[in-house]
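Spelled out, the chains give:
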Amino acid sequence: MTRPSIASDLCTQCGLCCNGALFDFGPLASEEVPGARRDGLSVLEDNTKYGFALPCPALEAATCQVYSTRPQTCRAFQCKLLRAVEAEDTTLDEATHIIIQTLAALDEVKQQLPPNSSLTDARRWRREEGEAGATATLTASPYLMMALGMLDLMLDQHFRKATERQVMPRA
Ligand code: SF4
Ligand code: SF4
């Protein structure tokens, strides 16, 4: 179990699992839906499957404003970096440095985003351009795609499994 002080020291300067950088979406059990709506989360519904959209509106300055009632998936999620610090494979200082670098990479992506667009939009453009191959009409600037590629490399290396892209793992 993660010691609360480690998670607190690390996560309150990070927020990458809540701010849309790591995931677009977190799963919800059906019984969590009313509480998530009360907490102001953007609940998404697809037949009998539920979730909430990220970036999470409950995140303020890397701190969860609905901490005591947050969904189970948020309670259970530990990124690779947090687990490495917990296992003493990485020091808190090293982990803090990685977070600072990754937040800087996220800022770089945001600076390249066209007005009124999001990280989710940029990832969708990249996917669509990949699917269209050589016939693609480029929606996004090459600088945005380069910055996004760099960010995703850092996220895959330090924070998530490549298979966890887009969706926060189910608790
Ligand atoms: S990505 Fe990891 S270090 Fe950052 S807030 Fe989430 S669990 Fe904490
Ligand atoms: S509810 Fe809290 S812990 Fe969960 S994604 Fe939102 S800000 Fe993060």
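Quick summary incoming for the structure in this document.

Quick notes on the rules
Residues take numbers from 1 onward in each chain, read along the sequence in its written order. Going through the entries in the order they are written, you letter the chains from A and number the ligands from 1. The model is predicted, so local features are restricted to residues of pLDDT at least 70 and side-chain atom pairs to those at 80 or more, both for listing and for counting; the totals for chains, interfaces and linings are taken over all residues. Only runs of H or I of at least four residues qualify as helices and only runs of E of at least two qualify as strands under DSSP, and these elements are numbered from the N terminus. With C-beta atoms placed from the backbone, a residue is labelled by how many other C-beta atoms lie within 10 Å of its own: buried for 20 or more, exposed for 12 or fewer, partly exposed between the two. Placing the C-beta atom from the backbone, one calls a residue near a molecule or strand if that atom lies within 6 Å of it. Each residue gets one of three labels, nonpolar for Ala, Val, Leu, Ile, Met, Phe, Trp, Tyr, Cys and Pro, charged for Asp, Glu, Lys and Arg, and polar for the others, Gly among them. Expected helix span is taken as 1.5 Å per residue step, with the number of steps being one fewer than the number of residues. Here, the arc refers to the directions that run from the helix axis to the C-beta atoms. A pair of strands is treated as paired once DSSP finds two or more bridges between them. Here, axes are lines fitted to C-alpha atoms. For helices the fit covers the stretch in contact, and angles between N-to-C directions go from 0 to 180 degrees. By definition in this entry, angles of less than 35 degrees are roughly parallel, angles greater than 145 are roughly antiparallel, angles of 65 to 115 are roughly perpendicular, and the rest are oblique. The crossing is said to be left-handed when, going from far helix to near helix, the turn is anticlockwise and less than a right angle, and right-handed when the turn is clockwise. Any residue pair is listed as a contact if its two C-beta atoms, each placed from the backbone, are within 7 Å.

1. Digging into the overall build of the protein
And step 1. Looking only at helices and strands, the protein features seven helices and six strands.
And step 2. Element order for the protein, N to C, with α for helix and β for strand: α-β-α-β-β-β-β-α-α-α-α-α-β.
And step 3. Overall size of the protein, expressed as C-alpha extent along the three principal axes, is 50 × 40 × 25 Å.
And step 4. In the protein, buried positions account for 27% of the 171 residues.

2. Quick notes on the site of ligand 2
And step 1. Taken together, Cys18, Gly26, Cys56, Ala58, Leu59, Cys64, Val66, Arg70, Pro71 and Cys74 are the residues near ligand 2.
And step 2. For the shell around ligand 2, the residue count by class is eight nonpolar, one polar and one charged.

3. Section: the site of ligand 1
And step 1. Around ligand 1, the neighbouring residues are Leu10, Cys11, Cys14, Gly15, Leu16, Cys17, Leu22, Gln78, Cys79, Leu81, Leu82 and Phe159.
And step 2. For the shell around ligand 1, the secondary-structure elements that each account for two or more residues are α1 (4-11) and α4 (80-86).

4. Focus: helix α5 (residues 92-112)
And step 1. In this model, α5 (21 residues) spans 31 Å end to end at C-alpha, consistent with the 30 Å of a helix rising 1.5 Å per residue.
And step 2. Of all the residues in α5, the buried ones are Ala95, Ile99, Thr102, Leu106 and Val109. Along α5, the residues classed as buried sweep out an arc of 75° about the axis, all on the same side. When the buried face of α5 is taken as reference, the exposed residues oriented beyond 90 degrees from it are Asp93, His97, Ile100, Gln101, Ala104, Asp107 and Gln111.

5. Focus: the pairing of strand β1 (residues 23-28)
And step 1. Pairing between β1 and strand β6 (residues 166-167): two bridges, direction parallel. The residue of β6 that forms the bridge with Phe23 is Gln166.
And step 2. The sheet contact formed by β1 and strand β3 (residues 49-53) spans four bridges and is antiparallel. Each residue of the ladder has a partner; that of Gly26, found in β3, is Phe52.

6. A short note on the sheet that holds β3
And step 1. Taking strand neighbours across the sheet as the criterion, the four strands line up as β2-β3-β1-β6 in an open arrangement whose pairing is mixed. The strands lining the two open edges of the sheet, one partner per strand, are β2 (43-46) and β6.
And step 2. Bridge count for β2 against β3 is four bridges, and the pairing is antiparallel. Within β3, the residue paired with Asp46 across the bridge is Lys49.

7. Looking at unusual backbone geometry
Trans is the prevailing form of peptide bonds, just as negative phi is the prevailing case for residues other than glycine.
And step 1. For the bond from Leu54 to Pro55, the omega torsion is 10°, close enough to zero to count as cis.
And step 2. Topologically, Pro55 is positioned in the loop between β3 and β4 (59-60).
And step 3. Positive phi values are uncommon outside glycine, yet Asn47 reaches one of about 55°.
And step 4. Tracing the backbone through its elements, the reader meets Asn47 in the loop between β2 and β3.
And step 5. For Asn47, a count of 5 C-beta atoms within 10 Å corresponds to the exposed category.
And step 6. Its identity is not glycine, yet Asn116 carries a phi of approximately 60°, on the positive side.
And step 7. Take Asn116: there are 6 C-beta atoms within 10 Å of it, and that puts it in the exposed class.

8. Some thoughts on the packing of α5 against helix α7 (residues 142-158)
And step 1. Between α5 and α7, the shortest axis-to-axis distance is 9 Å and the interhelical angle comes to 155°. In this view, α5 runs roughly antiparallel relative to α7, as classed from their interaxial angle. Once α5 is placed against α7, the crossing between them reads as left-handed. Contacts between α5 and α7 involve Ile98, Gln101, Thr102, Ala105, Leu106, Glu108, Val109 and Gln112 on the former and, on the latter, Tyr143, Leu144, Ala147, Leu148, Met150, Leu151, Met154, Leu155 and His158.
And step 2. Here the contact of α5 with α7 is built from residues that sort into twelve nonpolar, four polar and one charged.

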